[in-house]
Structure formats: C-alpha cells, structure tokens
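Below are the chains, spelled out letter by letter.
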Amino acid sequence: MALFSSLTPVFIAIICVLIGVILKKTNGEKEKQETKSKPVSRPWVDEDLKDGTDHLVEEEEVDEEWQGLDENVAHVPFFAERYSEAEMIKRSQAFYELLNKRRSVRFLSDEPVPREVIDNVIRTAGTSPSGAHTEPWTFVVVEDPDVKHKIREIVEEEEEINYKKRMGDKWVNDLKRLRTNWIKEYLDTAPYLILIFKQVYGRLPNGKKKTHYYNEISVSIACGILLAALQNAGLYTVTTTPLNCGPQLRALLRRPANEKLLLLLPVGYPKRDATVPVLTRKPLEDIMVVV
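Structural notes, computed from the coordinates.

About the cut-offs
All residue numbers here refer to positions counted from 1 along the written sequence of the relevant chain. Reporting in this predicted model follows two pLDDT cut-offs: at least 70 for local features of residues, and 80 or more for side-chain atom pairs to be given and counted; totals over whole chains, interfaces and linings ignore these cut-offs and use all residues. To obtain the side-chain values, all non-hydrogen atoms of the structure were used and water was disregarded. Helix and strand definitions follow DSSP, with helices as H or I runs of at least four residues and strands as E runs of at least two, each counted in order from the N terminus. Residue burial is assigned from relative accessible area. The probe radius is 1.4 Å, only protein chains are included, and a residue is buried under 20% of its type maximum, exposed over 50%, and partly exposed in between. Whether two residues touch is decided by their heavy atoms; if any such pair falls within 4.5 Å, the residues are in contact. Side-chain atoms within 4.5 Å are what join buried Ala, Val, Leu, Ile, Met, Phe, Trp, Tyr and Cys residues into a set we call a nonpolar core. Here a salt bridge means any side-chain nitrogen of Lys or Arg lying within 4 Å of a carboxyl oxygen belonging to Asp or Glu. Here the aromatic set is Phe, Tyr and Trp, taking the six-membered ring for Trp, and pairing holds for ring centres within 6.5 Å; pairs whose planes are under 30 degrees apart are stacked, those over 60 apart are edge-to-face, and all others are tilted. The rule is short: NZ of Lys or CZ of Arg within 6 Å of the ring centre and within 35 degrees of the ring normal puts a charge over the ring. Pairs of N or O atoms within 3.5 Å make up the polar contacts considered here, provided that, within protein, one atom can donate a hydrogen while the other can accept it, and that residues adjacent in sequence are counted only when both atoms are side-chain atoms. In this analysis a 1.4 Å probe is tested at points of a 1 Å grid over the protein atoms alone, and where it fits but cannot get out there is a cavity; an open set with protein on both sides within 12 Å along at least five of seven lines is a pocket; lining residues have an atom within 4 Å of a point. Grid points are joined across faces, edges and corners, and a volume is the space filled by probe spheres set on the points. Each residue is assigned to one class: nonpolar for Ala, Val, Leu, Ile, Met, Phe, Trp, Tyr, Cys and Pro, charged for Asp, Glu, Lys and Arg, and polar for all the others, Gly among them. Pairing between two strands requires that DSSP report at least two bridges joining them. Note on definitions: angles span 0 to 180 degrees between N-to-C directions of axes, and those axes are lines fitted to C-alpha atoms, for helices only across the stretch in contact. Left-handed describes a crossing in which the near helix is turned anticlockwise from the far one by less than a right angle; the clockwise case is right-handed.

1. So, the overall build of the chain
Assigned secondary structure in the chain consists of nine helices and five strands. Each helix and strand of the chain, ordered N terminal to C terminal, gives the series α-α-α-β-α-α-α-β-β-β-α-α-β-α. By residue count, 31% of the 291 residues in the chain fall in the buried class. Here the analysis covers contacts within the chain between residues at least 6 apart in sequence; of these, 82% occur between residues at least 24 apart.

Here it is, written out as structure tokens:
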C-alpha cells in the first residue's frame with residue numbers, strides 16, 4: 001500500500017501528460033480542417049466592386065501554386081526625362097486645363113473618326129500599371145452598325161427596368177437634374193463603342209488559370225488613362241456602366257467566361273447642337289489634404 005501510495009502522483013502526472021498530448025493533437029487536426037475549409041485569403045480581389053451579375057457561371061478555383069511565370073525578368077537602367085521646375089509647373093497647368101475641359105457628352109455625332117486614333121488611345125490605356133504586370137484588360141471596339149444597335153437594345157431594355165424598379169427613387173431623383181433616362185441614342189450614333197472588360201483570371205500556356213491580382217483596380221486605372229487619351233485627341237464620351245447587361249453583352253460579343261464588363265464608352269465628336277449640364281468641380285482645398 002505504501003508503494004502504491006507513493007506511485008499514485010506519478011501515475012496521475014503521466015495520465016495528465018497523455019491527456020494533454022491527445023487534446024493537443026485533436027485541436028491541431030481540428031485547426032487543419034478549419035484551415036482547409038476556410039476560403040483562401042485573396043486581398044487582391046475587389047469584393048466591393050465585384051461583378052455579381054454573372055452568378056450563374058460556375059468557375060473553377062484559381063490554382064494557388066506557383067504559376068510558372070518568368071522569375072528572371074531582365075532589369076535595365078531607367079533614364080527619365082527631367083524638366084526644370086518652371087517647365088514642370090507649365091506642363092502640369094496645361095494638362096490640367098486640357099482635362100478640365102473634359103465633359104460627359106451624351107449627344108454624339110455620327111461623323112467618322114480615324115481608326116488609327118482609336119488604336120492609339122487604346123495603346124495608351126494599355127500602358128497602365130497592373131497587379132504583378134498581368135495586364136488584365138480587354139478593349140472591345142465596336143464599329144458595326146448592327147452590333148451597335150443590338151447593344152443599344154440590350155442596354156435600353158435593362159436600363160428601363162433599372163430606372164423604374166431597381167435603382168430606387170433617390171437614385172432616379174438625383175439623376176433628374178442631369179436629364180438622363182434609359183434612352184441611349186448615342187449607342188447608335190457614336191462611330192465607335194469601346195467596351196472595357198476586366199479579366200478576372202488568365203490562362204497559362206499549359207491551360208491552368210493565371211491569377212490576375214487587383215484586376216478591377218488595374219482595369220479602372222487603365223480606363224482613367226483612356227479617358228485622358230480621348231480628351232487629348234479631341235474626342236468625347238460618356239462613362240456608362242450598364243447595370244445587369246454584362247452577361248448579355250459578353251455573349252453578344254463572344255467574350256470568354258473570365259471577362260466581366262466594367263465600362264462602356266461611346267466615342268466620337270459632339271453634335272453641333274450638343275448640350276451639357278452646368279456643373280462645377282470641387283476646389284482643390286476640398287479634394288486634397290496635405291499632412
């Protein structure tokens with residue numbers, strides 16, 4: 001009995017250690033299962049801007065492994081043109097004055113525009129930065145009158161529903177002062193329509209998916225550069241985001257499932273009798289904070 005009594009604390013200690021090991025192992029396996037079940041964190045996916053109009057298309061998961069991209073991209077010395085302070089001020093002021101003339105014009109002429117100009121402004125948009133240099137954009141240029149009219153029919157049908165049911169009274173009332181509605185004549189009259197698609201993923205030579213990091217932000221920056229390039233060329237447009245039209249327009253233009261419509265731009269010269277609302281822009285002190 002004395003021997004048993006002296007060994008009891010040892011047995012209790014051993015049992016406690018075993019229980020601890022078992023619990024640790026159980027918790028570890030549970031954490032592994034939870035980790036597997038949790039979606040992989042993808043901070044480059046713009047959830048707040050994600051196109052939810054195409055929820056019927058089932059997409060396979062992007063391969064999270066190394067994508068086989070070239071790790072040995074050559075780096076060369078960079079030589080930048082440098083201006084004097086006076087020249088910098090002059091150039092920045094001139095560019096501001098040029099862009100300050102940009103207006104959203106809904107009354108576009110059918111006057112022809114040189115195709116080379118369209119090529120050049122899209123080349124310019126293609127100089128935009130992108131996440132990991134994936135260049136996740138497709139610019140679809142439509143000049144065929146029949147296709148333009150089909151686009152107009154799709155957009156106007158959905159836009160009428162948007163104005164009457166989906167957008168709500170507040171949104172519709174806010175647009176009244178701009179005199180906009182679901183009638184989009186410019187989709188027929190503009191010599192070109194440029195539809196900008198974001199590629200939510202790409203394809204590697206072996207057929208596997210290629211992750212396109214921050215694809216929406218990257219394509220949005222390219223759209224901004226495109227607007228500046230159009231203004232610089234003397235062409236005008238109105239930025240349109242055809243709500244609930246993405247899947248139909250993608251099908252019409254035979255774009256693949258990895259492309260989602262981000263923006264539609266009718267491009268041309270303003271009509272001679274074109275009008276725009278009298279609007280003012282916020283002053284610098286309202287849009288810039290210096291810390």
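2. Looking at the nonpolar core
Ranked by internal contacts, the top residues of the largest apolar core, which has 22 residues, are Ile118, Phe139, Ile194, Ile196, Leu226, Leu265 and Val267. Breaking this core down by element, the ones donating at least two residues are helix H3 (115-125), strand E1 (137-142), strand E2 (192-199), helix H7 (215-232) and strand E5 (259-267). When sequence neighbours within four positions are dropped, the list of residues in contact with Phe139 reads Ile122, Ala125, Ile194, Leu195, Ile196, Ala222 and Leu226. Within the second largest apolar cluster, 19 residues are counted, among which are Val140, Ala190, Leu253 and Leu261.

3. Let's talk about the pattern of salt bridges
Evaluation of the coordinates by the stated rule reveals eight salt bridges. Among the salt bridges present, the one from Lys184 reaches Glu159, with a minimum N-O distance of 3.4 Å. Of the two residues, Lys184 sits in the loop between helix H5 (168-176) and helix H6 (186-189) while Glu159 sits in helix H4 (residues 145-166), which places them 25 residues apart along the sequence. Here Lys184 and Glu159 have matching classes, each one buried. A salt bridge links Arg255 to Glu259; its shortest N-O distance comes to 2.7 Å. Taking relative accessible area as the criterion, Arg255 reaches 27% and is therefore assigned partly exposed. Because the salt bridges share partners, they merge into one network encompassing Arg115, Asp119 and Glu143.

4. Concerning the packing of aromatic side chains
Enumeration according to the criterion identifies zero aromatic pairs in this entry. Its guanidinium or amino end placed over the ring of Tyr201, Lys209 lies 3.8 Å from that ring's centre, counting from NZ or CZ.

5. Here we look at the side chain of Glu156
Inspection of the secondary structure puts Glu156 in helix H4. One polar contact links Glu156 to Arg152, side chain to side chain, over a distance of 2.8 Å. Reaching out from Glu156, the side chain makes a polar contact with the backbone nitrogen of Lys184 at a distance of 2.7 Å.

6. Considerations on empty space enclosed by the protein
Overall, the coordinates contain one cavity of 30 Å³ or more when judged by the stated rule. Approximately 70 Å³ is the volume found for the largest cavity. When grouped by side-chain class, the residues that make up the lining of the largest cavity number five nonpolar, four polar and two charged.

7. Focus on the sheet that holds E5
If you trace the three strands from one edge of the open sheet to the other, you get E1-E2-E5, paired in antiparallel fashion. Of all strands in the sheet, those with a lone pairing partner are E1 and E5, marking the two edges. Each neighbouring strand pair of the sheet contributes to a mean axis angle of 20 degrees, computed without reference to strand direction.

8. Digging into the packing of H3 against H7
It is at 8 Å that the axes of H3 and H7 come closest, and there the two elements cross at 145 degrees. Viewed along their axes, H3 and H7 form a crossing whose handedness is right-handed. Between H3, through Val121, Ile122, Thr124 and Ala125, and H7, the contact on the second element is made entirely by Ala222, Ile225, Leu226, Ala229 and Leu230.

Taken by themselves, the reported measurements are silent on function.
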